[in-house]
Amino acid sequence: EGVFIADAYGGSQAGGGSCHHTNASGDVALAWWKRTSEAGGVWGVMGGTGVFEGMTGKGNYSSRAPLPNGSWVNDWNLDWKRE
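Residues numbered from 1 in each chain as written. Predicted model: local features only at pLDDT ≥ 70, side-chain atom pairs only at ≥ 80, totals over all residues. Heavy atoms only, no water.

K.L.:
In this structure, what is going on with the nonpolar core? I would like to understand it.
P.N.:
In summary, soluble globular proteins display a tendency toward joint burial of nonpolar side chains. Judged by nonpolar contacts, A29, A31, W33, W43, V45, F52, M55 and Y61 together constitute the single largest core of 8 residues. For this core, the secondary-structure elements that each account for two or more residues are strand 3 (28-37), strand 4 (40-48) and strand 5 (55-63). When residues of this core are assigned to their parent elements, the largest contribution, 3 residues, is made by strand 3. In this structure F52 touches H21, N23, D27, V28, A29 and R82, once residues within four positions along its chain are discounted. (Core = buried A, V, L, I, M, F, W, Y, C linked by side-chain atoms within 4.5 Å. Buried < 20%, exposed > 50% of the residue type's maximum accessible area, 1.4 Å probe, protein only. Helix = DSSP H or I, 4+ residues; strand = E, 2+ residues; numbered from the N terminus. Contact = heavy atoms within 4.5 Å.)

Okay, structure coming up:
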């Protein structure tokens, strides 16, 4: 989930939000993300449940071109650990 702030021409100027990643057992990892340029942005782990409890991490993501339906696909660089 997230929000993008658009300019007068429909381009995105800023954005941020959160993601939750669920495994087959129902354990959840929570992360925040922030767009820093048209090329992508940064993210960080907020916490997790089950096997993700105690998880910490951060990284970068890069944006691909928008899909025809207006949605986006991003490539994430993951650097995390569980304490």
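Don't stop here, the text continues.
K.L.:
Just checking my understanding: could you explain a nonpolar patch on the surface for this structure?
P.N.:
Together, L30, W32 and M46 make up a nonpolar patch on the protein surface, roughly 290 Å² of accessible area in all. Mapped onto the secondary structure, M46 falls in strand 4. (Patch = residues over 30% accessible without salt bridge, like charges linked within 9 Å, V, L, I, M, F, W, Y side chains within 5 Å. Areas by Shrake-Rupley, 256 points an atom, 1.4 Å probe, with all protein chains shown as cover. Salt bridge = Lys/Arg side-chain N within 4 Å of Asp/Glu carboxyl O.)

K.L.:
What is the right way to read the packing of aromatic side chains from this model?
P.N.:
The geometry of two aromatic rings is summed up by the distance between their centres and the angle between their planes. If you walk through the whole model with that rule in mind, you get 3 aromatic pairs. Considering the side-chain rings of W33 and Y61, the 6.2 Å spacing of their centres and the 85° angle between planes classify their relative orientation as edge-to-face. Taken together, the residues W33 in strand 3 and Y61 in strand 5 connect sequence positions 28 residues apart. Each member of the pair W33 and Y61 is classed as buried. A network of ring pairs unites the aromatic residues W33, W43, Y61 and W76 as a single cluster. (Phe/Tyr/Trp six-rings, centres within 6.5 Å; stacked < 30°, edge-to-face > 60°.)

K.L.:
Whenever I open this one, the pattern of salt bridges confuses me. Can you help?
P.N.:
Between side chains of opposite charge, pairing is possible as soon as their charged atoms come close. Under the counting rule described, the total for this entry stands at 1 salt bridge. Put simply, R64 and D75 hold a salt bridge, and the shortest N to O gap is 2.9 Å. Here D75 lies in strand 6 (residues 74-82) and R64 lies in the loop between strand 5 and strand 6, a separation of 11 residues in the sequence.

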